[in-house]
Amino acid sequence: PWTKAADLWPSMIRSSPVCVWSLVSAMNRVQLLGRVGQDPIMRQVEGKNPVTIFSLATNEMWRTGDGEVSQGALLFLCTLGDISQKTTWHRISVFRPGLRDVTYQYVRKGSRIFVEGKIDYGEYTDKNNVRRQATTIIA
């Protein structure tokens, strides 16, 4: 049976990091955990395989500023300040037949899901004949 390169990495890291570098000299991989923004849709362009598409929102939260809070006789140092949040929307495309169909059938708006895939940058021309760029996660 064939052994996947990922199964060999732990032993190769211990024995020879140079070998690992030659196997992993480039990588395009992304992992996202977020909430689905719309029910998935399935599209098929003539002569091409169908694709399931949906949007996924991920959030970052952080506090700004430092300060002190005293409680009774004890002094606690803690982070104060405003909580800031940034939501990023990702376009997810699923091409693999089994995963594509399960995604279309079971994933719904508001579902919290984990997505793993690769980033794809593309261009298209919109209906006003303007060239646009699009970033898609291929799951």
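What you are looking at is a predicted structure, and each value in this text was computed from that prediction instead of being measured.

Asks: So what about the pattern of salt bridges? Which residues, and what values?
Replies: All told, the structure shown has 4 salt bridges when counted by the stated rule. Across the salt bridge formed by Arg29 and Glu116, the nearest N and O atoms sit 2.8 Å from each other. Here the residue Arg29 occupies a position in the loop between helix H2 (17-23) and strand E1 (30-36), and Glu116 occupies one in strand E7 (residues 112-125), the gap between them amounting to 87 residues. The closest approach of N and O atoms between Arg132 and Asp126, which form a salt bridge, is 3.0 Å. The exposure class of Arg132 is partly exposed, given its relative accessible area of 40%.

Asks: If you had to explain the environment of Thr88 to someone new, which residues and values would you point to?
Replies: Following the sequence through the fold, Thr88 ends up in strand E6 (residues 83-94). Spatially, the C-alpha atom of Thr88 lies 5.4 Å from that of Thr58, the residues being 30 residues apart in sequence. Aside from chain neighbours lying at most four places away, what touches Thr88 is Leu56, Ala57 and Thr58.

Asks: Account for the side chain of His90, naming residues and giving values.
Replies: Tracing the chain through its elements places His90 in strand E6. Engagement of the side chain of His90 in a polar contact is seen with the side chain of Thr58, the distance being 2.8 Å. Among all residues touching His90, those that are not within four sequence positions of it are Leu32, Phe54, Ser55, Leu56, Thr58 and Ile137.

Calculation notes
Residues numbered from 1 in each chain as written. Predicted model: local features only at pLDDT ≥ 70, side-chain atom pairs only at ≥ 80, totals over all residues. Heavy atoms only, no water. Salt bridge = Lys/Arg side-chain N within 4 Å of Asp/Glu carboxyl O. Helix = DSSP H or I, 4+ residues; strand = E, 2+ residues; numbered from the N terminus. Buried < 20%, exposed > 50% of the residue type's maximum accessible area, 1.4 Å probe, protein only. Contact = heavy atoms within 4.5 Å. Polar contact = N/O pair within 3.5 Å; in protein donor to acceptor, adjacent residues only side chain to side chain.

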